[in-house]
Amino acid sequence: MQSVVIIGGGVSGLTAAWHLRSEAEVTVVEAGPRPGGILRSGTVAGVPVDDGAEAMLALRPEAVDLAKAVGLGDDLVTPTRAPVTMWTRGTLRALPAGHVMGIPTDLAALRDTGLLSPEGLARLAREEELPAAPLDGDTSVGAYLTDRLGWEAVDRLVEPLLGGVYAGRADRISLRAALPGVADIAARGGSLLAALRSRKPSGAGAPPAVMQGLRGGLARLPHALADTCGVRVLTGTRVRELRRTATGWQVALSGSSRRGLEADAVILAAPAYAAAPLLRPHAPAAARELSAIEHASMALVTLAFERAQLPGVPRGNGFLVPPVEGKAVKAATFLTNKWQWLAEAAPGTFILRASVGRLGEESLLGREDGELAAVCLAELSEILGPLGRPLDFHVSRWARGLPQYSVGHLDRVRTIRDAVAGLPGLEVCGAAYEGVGIAACVAGARDAALRTLGRTAGSGL
Ligand SMILES: Cc1cc2nc3c(=O)[nH]c(=O)nc-3n(C[C@H](O)[C@H](O)[C@H](O)COP(=O)(O)OP(=O)(O)OC[C@H]3O[C@@H](n4cnc5c(N)ncnc54)[C@H](O)[C@@H]3O)c2cc1C
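Residues numbered from 1 in each chain as written. Predicted model: local features only at pLDDT ≥ 70, side-chain atom pairs only at ≥ 80, totals over all residues. Heavy atoms only, no water.

Q: I'm lost on the pattern of salt bridges in this one. Help?
A: Any two side chains of opposite charge can pair, on the condition that their charged atoms come close. Applying the stated criterion across every chain, the model contains 21 salt bridges. For the salt bridge of Arg215 with Asp75, the shortest nitrogen-to-oxygen distance reads 3.2 Å. In this pair, Arg215 sits in the loop between strand E9 (211–214) and helix H10 (220–229) while Asp75 sits in the loop between helix H2 (62–69) and strand E6 (76–77), placing the two residues 140 residues apart along the sequence. Residue classification places Arg215 among the partly exposed positions, given a relative accessible area of 37%. (Salt bridge = Lys/Arg side-chain N within 4 Å of Asp/Glu carboxyl O. Helix = DSSP H or I, 4+ residues; strand = E, 2+ residues; numbered from the N terminus. Buried < 20%, exposed > 50% of the residue type's maximum accessible area, 1.4 Å probe, protein only.)

Q: Even after reading the chapter, I still don't get the site of the ligand, so can you show me in this structure?
A: In the region of the ligand, 35 residues are neighbours, and Ser12, Glu30, Ala55, Val436 and Ile438 sit closest. Here Val239 contributes a backbone N or O atom positioned 2.9 Å from a nitrogen atom of the ligand. Burial of the ligand by the protein amounts to 88% of the accessible area it has alone, namely 1000 Å². At the level of secondary structure, the elements contributing two or more residues to the shell around the ligand comprise helix H1 (11–20), strand E15 (295–306), strand E19 (392–403) and helix H17 (438–452). In terms of residue count, E19 provides more of the shell around the ligand than any other element does, 3 residues in total. Grouping the amino acids of the shell around the ligand by side-chain chemistry returns 21 nonpolar, 11 polar and 3 charged. Residues from two domains meet in the shell around the ligand; each of domain 1 (2–37 + 219–293 + 406–452) and domain 3 (295–403) gives at least three. (Near = heavy atom within 4 Å. Polar contact = N/O pair within 3.5 Å; in protein donor to acceptor, adjacent residues only side chain to side chain. Areas by Shrake-Rupley, 256 points an atom, 1.4 Å probe, with all protein chains shown as cover. Nonpolar A, V, L, I, M, F, W, Y, C, P; charged D, E, K, R; others polar. Domains from an automatic or database assignment.)

Q: Which parts of the structure should I look at to understand the packing of H1 against H10?
A: Working note: a packed helix pair is described by the angle between its axes plus the distance between those axes. Interhelical geometry of H1 versus H10 gives an angle of 25° and a closest axis separation of 9 Å. As the angle between them shows, H1 and H10 are arranged roughly parallel. Note that H1 runs across H10; the crossing there is left-handed. Contacts between H1 and H10 involve Val11, Leu14, Thr15, Ala17 and Trp18 on the former and, on the latter, Leu221, Pro222, Leu225, Ala226, Thr228 and Cys229. When its residues are assigned to classes, the contact of H1 with H10 shows 9 nonpolar, 2 polar and no charged. (Axes fitted to C-alpha atoms, helices over the stretch in contact; angles between N-to-C directions. Parallel < 35°, antiparallel > 145°, perpendicular 65-115°, else oblique. Left-handed = near helix turned anticlockwise from the far one by under 90°. Contact = heavy atoms within 4.5 Å.)

Q: Hey, could you run me through the domain arrangement of the chain in this one?
A: You'll often see interface size given as the accessible area lost when the parts meet. Per the domain assignment, the segments of the chain are domain 1 (2–37 + 219–293 + 406–452), domain 2 (95–197) and domain 3 (295–403). When each unit is reduced to the centre of its C-alpha atoms, the spacing between domain 1 and domain 3 is 33 Å. Across the boundary between the two partners, domain 1 contributes 7 residues, which contact 6 residues of domain 3. Where domain 1 abuts domain 3, roughly 550 Å² becomes buried across the two surfaces, and 69% of that area is made up of carbon and sulfur atoms. (Buried area = accessible area lost by both parts, 1.4 Å probe.)

Q: I tried to follow the sheet that holds strand E12 (residues 249–253) on my own but got confused; where do I start?
A: Strand pairing in a sheet is mediated by backbone hydrogen bonds. Such pairs are either parallel or antiparallel. Taking strand neighbours across the sheet as the criterion, the 3 strands line up as E11-E12-E13 in an open arrangement whose pairing is antiparallel. In the strand order of this sheet, the two ends are held by strand E11 (239–244) and strand E13 (261–263), each with one partner. The mean inter-strand angle of the sheet, taken between neighbouring strand axes irrespective of direction, is 20°. Sheet analysis places E11 next to E12, joined by 5 bridges and oriented antiparallel. The residue bridging Glu241 from the neighbouring strand is Ala252, located in E12. (Pairing = 2+ DSSP bridges.)

Q: Explain the side chain of Glu127 here, please?
A: The residue Glu127 is located in the loop between helix H4 (118–125) and helix H5 (141–149) in this model. Classification of Glu127 as buried rests on a relative accessible area of 0%. For Glu127, the contacting residues outside a window of four places in its chain are Arg148, Leu149, Ser191, Leu192, Leu193 and Ala194.

Q: Explain helix H12 (residues 284–291) here, please?
A: An α-helical turn contains 3.6 residues, so a residue and the one three or four places further along point in the same direction. Inspection of H12 places Ala286, Ala287, Glu289 and Leu290 among the buried residues, and these make up the whole buried set. Down the axis of H12, the smallest arc covering the buried residues is 165°, so these residues share one side. Contacts made by the buried residues of H12 are with helix H11 (272–279) and helix H16 (409–421). (Arc of directions from axis to C-beta.)

Q: Where do I start with unusual backbone geometry in this structure?
A: Peptide bonds are trans in most cases, and residues, glycine excluded, mostly fall at negative phi. The residue Arg89 is not glycine, and still its phi comes out positive at about 50°. Of note, Arg89 is situated in the loop between strand E7 (85–88) and strand E8 (91–94). For Arg400, which is not glycine, the phi torsion reads 50° and is therefore positive. Within the secondary structure, Arg400 is located in strand E19.

Q: Explanation requested: the pairing of strand E4 (residues 47–50) in the structure shown.
A: Residues in a regular strand project their side chains so that they alternate between the two faces of the sheet. In terms of strand pairing, strand E3 (residues 41–44) meets E4 through 4 bridges, oriented antiparallel. Across the sheet, the residue bridging to Val44 is Val47, located in E4. Between E3 and the antiparallel strand that follows it, E4, lie 2 residues; Ala45 among them carries a positive phi value of about 50°.

Q: Can you walk me through the nonpolar core in this structure?
A: The nonpolar side chains of a soluble globular protein tend to be buried, and buried together. Core analysis: the biggest nonpolar cluster contains 47 residues, and Ile103, Val141, Leu145 and Leu192 have the highest contact counts within it. It is helix H6 (residues 151–166) that contributes the most residues to this core, 7 residues altogether. Each of domain 2 (95–197) and domain 3 (295–403) accounts for three or more of the residues forming this core. With sequence-adjacent residues up to four places away left out, Leu192 is seen in contact with Ile103, Glu127, Tyr144, Leu145, Arg148, Leu149, Val182 and Ile185. Residues Trp18, Ala24, Val28 and Leu221 belong to the second largest nonpolar core, which totals 40 residues. (Core = buried A, V, L, I, M, F, W, Y, C linked by side-chain atoms within 4.5 Å.)

Q: Any chance you could explain the packing of H5 against H6 here in plain terms?
A: Packing of H5 against H6 leaves a shortest axis separation of 8 Å and a crossing angle of 140°. Both H5 and H6 take part in a crossing whose hand is right-handed. The residues of H6 that touch H5, namely those facing Val141, Gly142, Leu145, Thr146 and Leu149, are Trp151, Ala153, Val154, Val158 and Leu162. In terms of residue class, the contact of H5 with H6 is built from 8 nonpolar, 2 polar and no charged.

Dropping the structure here:
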C-alpha cells in the first residue's frame, strides 16, 4: 500500500483523504488547531453557528454526494426560498427571478423594482442593439458587462453577487473563470441578453435547490470526513519544506519535536500562498503563478437578538449591499430565517450575520471585535430599522480567505498543472484552481486522489 501525506486539513485535504482511505496509508498534516479550514463552527448566545462557509452548491452533485457518503444524508437541509434582495438606492429591493449572477433577463420586472435609475435601465435596454464582435481570450467580468449592460447594472446588480462569492471586484475577476457560460456567449458574439433569454427553461415544477446546508451547521462535514476515513490527522503541525527522495517525498514539519514524514506521494491541499513556497524548489513556474494569486480578507460578524425585543423581525433571508453604496457591510444573512433548524434550535433568538471586507477594502478589518460589531449594528439598524442591543455577538476573521480568479486565471492554472505534472507523486488541489466553492473543492480533491492512485479523473473510486 502506498503512503500519502496530504498537506492541509480543510475540506479539500480531507476529501482527498476520504477517497484514499482504503487504498493508501494516509496522513493529513494541518497547521491549525483542528481540521476543517474554512468550515468551522462557533457559538453566539449559546447557539452553534457556522463561522465560515454555511452552504454548498447542490446544482452539482459532488459535495452533497460526499455528505451522504459520510452519513450526513438525513441532515441535509435546503434554505428557505427567498428572492435575492439588495439594499440600494435607499431601500431594500428584490432582484427579479431568472437573473444570471445579477444579469437580469426580465427587464420589465426589473423596471418595477427600482433597482436601477431610469438612465441605467435605458442603457441596459439598448444592449440588444449594440454591435458585439466575438470575444477573443479572456477579459474581466466588469469590462465585458460594462460594455454590454452599462456601468450601473454592473455596479448595482452584478458586483454585489460576484462579491458574495469572491469578495472581489468585477473589474479584476476573470470572465472565463467566474462566468464560463457568459464567456461562451461572449466568444460567439451577439447580444448577451437575447442569448440568456433563449436558454431552455429548466422544466416544470419548482426549480431544484441551488444550495444545501447541514442541520447543526456545515462545519459537521469535515468532522464526519475525518471520523469516517479514519486516517491519521496531525493538527497544529505546519509543513515547512518538501524534499524529493529516491522513491518519493520527505515532508519536513514545523516544531523541533516532530520528525519529518516519508511518503510515496504528496497531495498539496493548502491555500495558494502556502503552497507556493513548498513548490518553489521543485516547480518554480508553479510557485510563481501561485504567488501571483491575490486573496481577499473578510470578517463575519454574527449578532444574536432576543426575538421578543425586536421592534419587527426582519423578513427574507438577508440582503446584499452593492459596494457603490459605500457601506462597510457587504451582505447580511438572516440565519434564523434562512435555516429552519436554527429557528427550531433557538426559537426565542434572531440571529443574523454581516460580512465585512473585500479585495481592496480591508482597512476596517483592523478594528477590534467590539468596534467591528458596532459598525455593523449601526449600519444594519439604518437599513432594517432600530435593532436594539444584541444579546451576544461573535466575530470570525478570514485573512486571505478567498483566492481571486483574476483575468487569465485559466491559463495560470494550466501553467501550474503542467509544472506539477513533471513532479512524480505530487498533486495539488484546493480553492485556488478550478472553483472556490465547496463543491468545486470536493471535485478537485477527488480528482487529485484519483491521479495519486494512477487513475484518470472521472473514473470513480
Ligand atoms: C468566510 C467564507 C465563507 C465562505 N462561504 C462559502 C459557502 O457558503 N459555500 C461555499 O461553497 N464556499 C464558501 N466559501 C469558500 C469555501 O469555503 C472555501 O473555498 C473552501 O472551504 C476551501 O477549502 P480548502 O480545503 O481548499 O482550503 P482551506 O479551508 O483554506 O484549508 C486549507 C488548510 O491548509 C492548512 N495549511 C496551510 N498551510 C499549511 C502548511 N504549510 N502545513 C499544513 N497545513 C497548512 C490551513 O490551516 C487550512 O486549514 C467561503 C469562504 C470564506 C472565506
